[in-house]
Amino acid sequence: MNQKHYLITGATAGIGLATARKLASAGHHLTITGRDTGKLQDVAAEIAQLGDGEVITQLCDSADMAQITAMAAALQRDGLAYDGIVLNAGIFLPQNFSDLSETNFDQTMAVNFKAPLFTLHALLPCLNNPASVVFVSSLVVHKAFPGAASYSASKAAFEAAARVLNLELAERGIRINSIRPGVTATEIQRKAGMSEKQIAELSGTMQDTALGRILTPEDMTAAISYLLSDASVGMRNAYLDIDGGFVL
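Since this is a predicted model, take the numbers as computed values, not measurements. (Residues numbered from 1 in each chain as written. Predicted model: local features only at pLDDT ≥ 70, side-chain atom pairs only at ≥ 80, totals over all residues. Heavy atoms only, no water.)

Colleague: Looking at this structure, I do not really get the nonpolar core. What am I missing?
Modeller: Across soluble globular proteins, nonpolar side chains have a tendency to be buried as a group. By size, the foremost hydrophobic cluster in this structure holds 27 residues, and its most contacted members are Leu75, Leu120, Leu123, Leu127, Ile174 and Ile176. Breaking this core down by element, the ones donating at least two residues are α3 (65–77), β4 (82–87), α4 (102–123), β5 (127–136), α5 (149–168) and β6 (174–181). Not counting residues up to four positions away in its chain, the partners in contact with Leu127 are Tyr82, Ile85, Leu120 and Ile174. (Core = buried A, V, L, I, M, F, W, Y, C linked by side-chain atoms within 4.5 Å. Buried < 20%, exposed > 50% of the residue type's maximum accessible area, 1.4 Å probe, protein only. Helix = DSSP H or I, 4+ residues; strand = E, 2+ residues; numbered from the N terminus. Contact = heavy atoms within 4.5 Å.)

Colleague: Help me out: how do you make sense of the sheet that holds strand β3 (residues 55–59) in this one?
Modeller: In a beta sheet, neighbouring strands pair by backbone hydrogen bonds and run either parallel or antiparallel. Spatial strand order, β3-β2-β1-β4-β5-β6-β7: seven strands in an open sheet with parallel pairing. Looking at which strands have only one partner, the edges of the open sheet turn out to be β3 and β7 (239–242). Strand-to-strand twist of the sheet, defined as the mean angle between neighbouring strand axes without regard to direction, takes the value 15°. The pairing of strand β1 (residues 5–8) with β4 spans three bridges and is classified as parallel. What sits directly across from Leu7, in β4, is Ile85. Its contacts with the sheet put helix α2 (residues 37–48) on β2 (29–34) and β3, and the angle it makes with β3 is roughly 170°. (Pairing = 2+ DSSP bridges. Axes fitted to C-alpha atoms, helices over the stretch in contact; angles between N-to-C directions.)

Colleague: What's the story with the pattern of salt bridges in this structure? I'm lost.
Modeller: Any two side chains of opposite charge can pair, on the condition that their charged atoms come close. Counting across every chain of the model gives five salt bridges. Arg21 is the salt-bridge partner of Glu46, the closest N and O atoms lying 2.6 Å from each other. On the criterion of sequence distance, the pair formed by Glu46 in helix α2 and Arg21 in helix α1 (residues 14–25) is long-range, its members being 25 residues apart. Between Arg180 and Glu159 there is a salt bridge, with its nearest N and O atoms 2.6 Å apart. Residue Arg180 is found in strand β6, and its partner Glu159 is found in helix α5; the two are separated by 21 residues along the sequence. Accessibility classification places Arg180 together with Glu159 in one group, the buried group. (Salt bridge = Lys/Arg side-chain N within 4 Å of Asp/Glu carboxyl O.)

The following block contains the structure:
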């Protein structure tokens, strides 16, 4: 097996955790990041049982630039080199435009746009040539949802930046592509303030899609694995819509 080393941000829950499980089961080495030391250790212990690859934990709050810089410095100091990065950490803070606050906007842009951009920048010395970067974007880049103006803008902003970075980083062998998940059952709904009843109702509406159910984090992992793999070497600034047929 061609064993590789990947870094996943926000790997203690949702799509990040599902991806870590998938890659660990394939025998790859992993570095996982998160904001909670306890969760990081629990996840590392779990996924280490799935394969024979090493699992390294790195505490990092994506909203904190100092922690991003410190993380990159620590990894570089340890001589770690990565074949790919999954920029997964993100937040969703729904707010109608008429109620939009500067705090909401700034926090959303800081975590969903600034953080992945500067995480990639800080980790450039740790990336092999070639290396694949996968950004977990969202359906909202091309499908409008009320209350998601800041969220949509934050995801679209990184995709726009990635177009330029694919040119600037080409000589380093770095390629950047995205997946665009549709409505997916993760902790993001509860963190956004939705009640259990609202979550159940949201799940119920997804029965009308071609897939016939709400998406799960596990539905995203095959696409992420493909984009990380050598099979996607010819792809640059591509995106894979994984929406269960929501926009058909």
